[in-house]
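Structure at a glance
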Amino acid sequence: MKKNFPVTSQEIEVPEGISLVSKTDLKGILTYANNAFVEISGYEQEELLGKSHNIVRHPDMPEAVFKDMWATLRSGKPWQGLIKNRCKNGDFYWVEACVVPIRRNEQTIGYMSVRQRTKPEAVAAVQKLYERVAAQGMPRILKMPSWVGIRFGMRAGTVFVALMMLAGGALGIGGLKLADAAFTRMYQEQFEPVTAVGQIEAQLNALRASMLESQLSRDNQIPTGRATSYVEQLQGHYDEIDEISDKLDGAALAASASNAPLTQALQRYIEEGRKIVHQASVGDAATASLSPATFNQLLDLERKASLTAQALRQSLSNAAQQEFAQTLERNASIRQFAVVGIALGLLIVAVVGRLFISGIVNPLNASIRQLNRIAEGDLQGKIELSGTGETAQLNHASAVMQLHLKVMLDEIALAARSIHRHCKKLNAALYEVTEHSEAQHDQVYSAIRALDAATAETRDLSERAERLLNMAQAPDETLSHEIRDLATATRLSAFGAEEVAASMHQVASLIVENRGEAQLAWQASEELMHTARELNNLVDFFEPEKQEA
């Protein structure tokens, strides 16, 4: 980077309300500099135009700052920051600079920089920052990407809400389906088998009662036909148990690996008891009643079957409780997942909403305030370059517009002051011309009057000479000749005087016309001065500080 020397410790203060404006081409060559910039730089305008803008760069400025500035400008965005510039004699001045691209037909054709006075506390803060930048380079600033904007936010928000609704719907519907499946399994695999086992236990109890009643009838010597009916009752109970066993076989959980031994044992006990009863039923009528051995066998099988049924029922109850506990746990997990998802969604909405407000809404409001200030004629307000996406583009466009209006008004004010100054000089010159015309007019008319008098006297003398000539028709030819010559000369003199008088009248007419034209020029100059004052008033409208003063 070019180092401009010499440098001094003398600081030049930029006047309040003054804008230092310069324009460059795409390579940074100065193409325009307003009077304020030329004056404070200490250079002549001819020394600046056509030179690189770094002619005013101060060696204390870190190179990284200018790299960041050029990178921002070449991306088509404005750049804003505090700059320390060097004067021709080595003095320096601090300014708040805003550099914007100059665009025509959507193409960048150059850059414009507008600088204003900055506050001392801002200078003190930026000096410390520039010291760190010079030592460590430009710090990385975390900010939202430029492609994040209102359109992206609307699309992303729509997609996020749709995904949240889909996730919530899937979670709710999936949870209901899981609950339905759990209740179906509990009904089909636990409740129905438990009911079937309970019915088998009831039949086993009825079977035991029938066996006891048969034993009592045998001990009390009840007729054989009655004993036979007891056997038939036992067969009926076993038939009922077979039907219930078929239902139990259809239960998946009852035939599962954990309950299969109990189910098989229960069916085996029932089948063995059924065979014993069947054998008892095919005997002689006299021996149709249950023998003590048969009774004991049946009672032992019934007891084993009852114990097995109780164990199976307990196993099914435990499985039902376990399934119920798992269902509750799964529902709790789904509920917890839903709560976490809702909380996470709310957190994401809050964070994104805060970023959206800080990165888009607040800059958009700042841009609206900036445009309102411009509409009110205030071009001195703070230039806002924050935001992202469409908001950043709006802020950049309003900043460029504000700076262009500012520069345009600066040039208008400069032209108005120049017009006013030249009009004053023109008025003074026209006043002198008018005064001289009046004096010449008076002098010419005095000469005309004197010439008219001389012409009249010459005419009278000519007439008198003619009369004398007529009277001198004497024989003295010499006198007559002299008188004739005198008359001729007098007549010629009178004719010449008349021509001179006519010329003098023409000169007087021209002087009168010049005086009228000078008065018209004076009026035009006054109108031009009025126009210059109107331009100044227009410029003052965009400078509220001057209006308040």
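The present account deals with the structure reproduced in this document. (Residues numbered from 1 in each chain as written. Predicted model: local features only at pLDDT ≥ 70, side-chain atom pairs only at ≥ 80, totals over all residues. Heavy atoms only, no water.)

Some points on the side chain of Gln-402
Counting through the fold element by element, Gln-402 comes out in helix H9 (residues 390–471). Looking at Gln-402, the relative accessible area reads 2%, which means it is buried. With near-sequence residues (within four places) excluded, Gln-402 lies in contact with Gln-370, Ile-374, Leu-379, Gln-380, Gly-381 and Ile-383. (Helix = DSSP H or I, 4+ residues; strand = E, 2+ residues; numbered from the N terminus. Buried < 20%, exposed > 50% of the residue type's maximum accessible area, 1.4 Å probe, protein only. Contact = heavy atoms within 4.5 Å.)

Focus on the packing of aromatic side chains
Going through the model one piece at a time under the given rule, you end up with 2 aromatic pairs. A ring pair is formed by Trp-70 and Tyr-111, whose centres lie 5.5 Å apart and whose planes are at 85 degrees; its orientation type is edge-to-face. Note that Trp-70 is positioned in helix H3 (residues 63–74) and Tyr-111 in strand S5 (residues 107–117), a separation of 41 residues in sequence. On the basis of an interplanar angle of 25 degrees and a centroid distance of 6.4 Å, the ring pair of Trp-94 and Tyr-130 is categorised as stacked. Taken together, the positions of Trp-94 in strand S4 (residues 92–104) and Tyr-130 in helix H4 (residues 120–136) put the pair 36 residues apart, joining distant regions of the chain. The ring of Phe-66 carries Arg-57 above its face, with NZ or CZ at 4.1 Å from the centroid. (Phe/Tyr/Trp six-rings, centres within 6.5 Å; stacked < 30°, edge-to-face > 60°. Lys NZ or Arg CZ within 6 Å of the ring centre and 35° of its normal.)

A word on the sheet that holds strand S1 (residues 20–24)
Within the open sheet, the 5 strands sit side by side as S2-S1-S5-S4-S3. Their pairing is antiparallel. The strands lining the two open edges of the sheet, one partner per strand, are strand S2 (30–33) and strand S3 (79–86). Strand-to-strand twist in this sheet, taken as the mean axis angle between neighbours without regard to direction, amounts to 30 degrees. Pairing between S4 and S5: 10 bridges, direction antiparallel. Bridging from a neighbouring strand, Glu-96 pairs with Gln-116 of S5. The sheet contacts of H3 involve S3, S4 and S5, and relative to S3 the element is tilted by about 135 degrees. (Pairing = 2+ DSSP bridges. Axes fitted to C-alpha atoms, helices over the stretch in contact; angles between N-to-C directions.)

A few points about unusual backbone geometry
Non-glycine residue Asn-105 carries a positive phi angle of around 55 degrees. By the secondary structure assignment, Asn-105 is in the loop between S4 and S5. A residue is classified by how much of its surface remains accessible, and Asn-105, at 76% relative accessible area, is exposed. For Glu-106, which is not glycine, the phi dihedral falls at a positive 65 degrees. Mapped onto the elements of the fold, Glu-106 is located in the loop between S4 and S5.

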